[in-house]
Structure formats: structure tokens, C-alpha cells
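Take a look at the letters that make up each chain.
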Amino acid sequence: YNGGIVLDSTLYFYDASKFLIKSVRYTDAFGKDSVIMTYSNENLAKIVIYNSNGTAPQATFDYYTDSSKSWVYQNIGPYNNNGLYLPWLGRSNKNLIKSYSSDFNGNPEPITITYQKNTDGYVTKYIMNFMGTSDNHFLEYKCK
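Residues numbered from 1 in each chain as written. Predicted model: local features only at pLDDT ≥ 70, side-chain atom pairs only at ≥ 80, totals over all residues. Heavy atoms only, no water.

Visitor: Could you clarify how one ought to interpret the sheet that holds strand E3 (residues 31-40) in this entry?
Guide: Spatial strand order, E1-E2-E3-E4-E5-E6-E7-E8-E9: 9 strands in an open sheet with antiparallel pairing. Where the open sheet ends on each side, the last strands, each with one partner, are strand E1 (8-14) and strand E9 (133-138). The mean angle between the axes of side-by-side strands here comes to 15 degrees, regardless of whether they run parallel or antiparallel. One ladder, built from 7 bridges, connects E1 with strand E2 (residues 20-27); its direction is antiparallel. Directly across from Tyr12, in E2, lies its bridge partner Ser23. (Pairing = 2+ DSSP bridges. Helix = DSSP H or I, 4+ residues; strand = E, 2+ residues; numbered from the N terminus. Axes fitted to C-alpha atoms, helices over the stretch in contact; angles between N-to-C directions.)

Here you go:
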């Protein structure tokens, strides 16, 4: 809202398993954008964003068979409207993402992800590899 006028609104649609399968965003400036997400084996398999400008960027995903104890690491990768997964938007992926290919950035080369977990099953490090480069992320936990 701006001065009592709605500038942006989004509708969310879910399947029977509580996975977010579609969102439709309305804005005065850009019109209507829709996102369609399909799942396989309780994991996001494909996301397509239908933009009002006629483009339809998309991504497909591959998964490891293991999971993590935190929803944060189950969803490293593009999500609804190429944003971040947030738990109040629906169910999380069942498994850790191994790789994904997208045309969001104009380059379909896959991004691969490797993980290291501690003995309690929490991710302590993950590495994202893309076009010959590596991006290392280290994580620490302070439990109370």
C-alpha cells in the first residue's frame, strides 16, 4: 500500500500436500506475472515464471537422496518469482538440491551444490560450482 492505494498483491495456490504450486502477482506498473511450480517425490522439479513482458524464465532441479535438519538448506536455489523459500509459503523440499539449471541469468549451465554435515545432521558447509568457479559457504550453530 502507498497512501491507502494497493500497488502490489499476490495470490498463492497450494496442492493437497501443501506445496506452493502457483502464485499470481498483480502490479499497476508491470501487470500480471504468474509462477508455476511442479514437484516430484516431494521436491521442486521445475519452476516457470510467466512474466507480463512475454518472457518465461525457468529452472529444473536434481536432488541428493539425503536431507538436512533445517529447511534453509533444503531450498538453496531459485524459488517463487526467483525469490527465497520461506517456510510460511508451504512445504519444503524433502531432499538437498544437487544441481539446478536455469535460464534466469541467460546461461543454462547447471549450478552444482555439495554439502558437508556435522554428526547431528546440520549442514556446516556447502559449495556452489558454476562455470568453473566455486562459492564456499561456512555455517556455525549456537544452540541454547
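Let us keep going from here.
Visitor: Help me out: how do you make sense of the side chain of Ser92 in this one?
Guide: Along the chain, Ser92 falls in the loop between helix H1 (71-74) and strand E6 (97-102). The residues contacting Ser92, other than those within four sequence positions of it, are Phe19, Glu42, Trp71, Gln74, Asn75 and Tyr85. (Contact = heavy atoms within 4.5 Å.)

Visitor: Help me understand the pattern of salt bridges, please; the structure alone is not making it clear to me.
Guide: Pairs can form between side chains of opposite charge once their charged atoms are near each other. Considering all chains together, one arrives at 3 salt bridges under this definition. Ionic pairing is found between Asp8 and Arg25, a salt bridge with its closest N-O pair at 2.4 Å. Of this pair, Asp8 sits in strand E1 while Arg25 is found in strand E2, placing the two residues 17 residues apart along the sequence. For Asp8, a relative accessible area of 35% translates into the label partly exposed. A salt bridge links Glu42 to Arg91, with the shortest nitrogen-to-oxygen separation between them at 2.6 Å. On the criterion of sequence distance, the pair formed by Glu42 in the loop between E3 and strand E4 (43-50) and Arg91 in the loop between H1 and E6 is long-range, its members being 49 residues apart. With a relative accessible area of 33%, Arg91 lands in the partly exposed category. (Salt bridge = Lys/Arg side-chain N within 4 Å of Asp/Glu carboxyl O. Buried < 20%, exposed > 50% of the residue type's maximum accessible area, 1.4 Å probe, protein only.)

Visitor: What is the right way to look at the packing of aromatic side chains in this model?
Guide: By convention here, two paired aromatic rings are described through the distance between centres and the angle between planes. Taken as a whole, this structure holds 6 aromatic pairs when the rule is applied. Both rings, one in Phe61 and one in Tyr100, keep their centres 5.8 Å apart while their planes meet at 40 degrees; by these two values the pair is tilted. Taken together, the residues span a long stretch of sequence, with Phe61 in strand E5 (residues 58-63) and Tyr100 in strand E6 at a distance of 39 residues. Classification of Phe61 as buried rests on a relative accessible area of 11%. Within the aromatic cluster, the residues linked to one another by ring pairs are Phe61, Tyr63 and Tyr100. Its guanidinium or amino end placed over the ring of Phe13, Lys22 lies 5.5 Å from that ring's centre, counting from NZ or CZ. (Phe/Tyr/Trp six-rings, centres within 6.5 Å; stacked < 30°, edge-to-face > 60°. Lys NZ or Arg CZ within 6 Å of the ring centre and 35° of its normal.)

Visitor: Explain the pairing of E6 here, please?
Guide: Side chains on a regular strand alternate between the two faces of the sheet. Two elements, E5 and E6, share 5 bridges in a ladder whose sense is antiparallel. When the sheet's bridge partners are listed, Tyr63 is paired in E6 with Ile97. Bridging between E6 and strand E7 (residues 111-117) involves 2 bridges; their strand directions are antiparallel. Each bridged residue has a counterpart across the sheet, and for Ser99 the counterpart in E7 is Thr112.

Visitor: Any chance you could explain the environment of Ser101 here in plain terms?
Guide: Here Ser101 lies in strand E6. For Ser101, a relative accessible area of 25% translates into the label partly exposed. Considered as a pair, Ser101 and Ala59 are 42 residues apart in the sequence and their alpha carbons are 5.4 Å apart. If near-sequence neighbours (up to four positions away) are discounted, Ser101 is found in contact with Gln58, Ala59, Thr60, Pro108 and Pro110.

Visitor: Explanation requested: the layout of surface pockets in the structure shown.
Guide: To find leftover empty space, one rolls a probe the size of a water molecule over the atoms. Counted as a void, the largest pocket has a volume near 170 Å³. Along its surface, the largest pocket is lined by Trp71, Val72, Asn75, Ile76, Gly77, Pro78, Asn82, Gly83, Leu84, Tyr85 and Leu86. Among the residues forming the lining of the largest pocket, the class breakdown is 7 nonpolar, 4 polar and no charged. (1 Å grid on protein atoms, 1.4 Å probe; cavity = no way out; pocket = protein on both sides within 12 Å on 5 of 7 lines; lining within 4 Å. Points joined across faces, edges and corners; volume = space filled by probe spheres on them. Nonpolar A, V, L, I, M, F, W, Y, C, P; charged D, E, K, R; others polar.)

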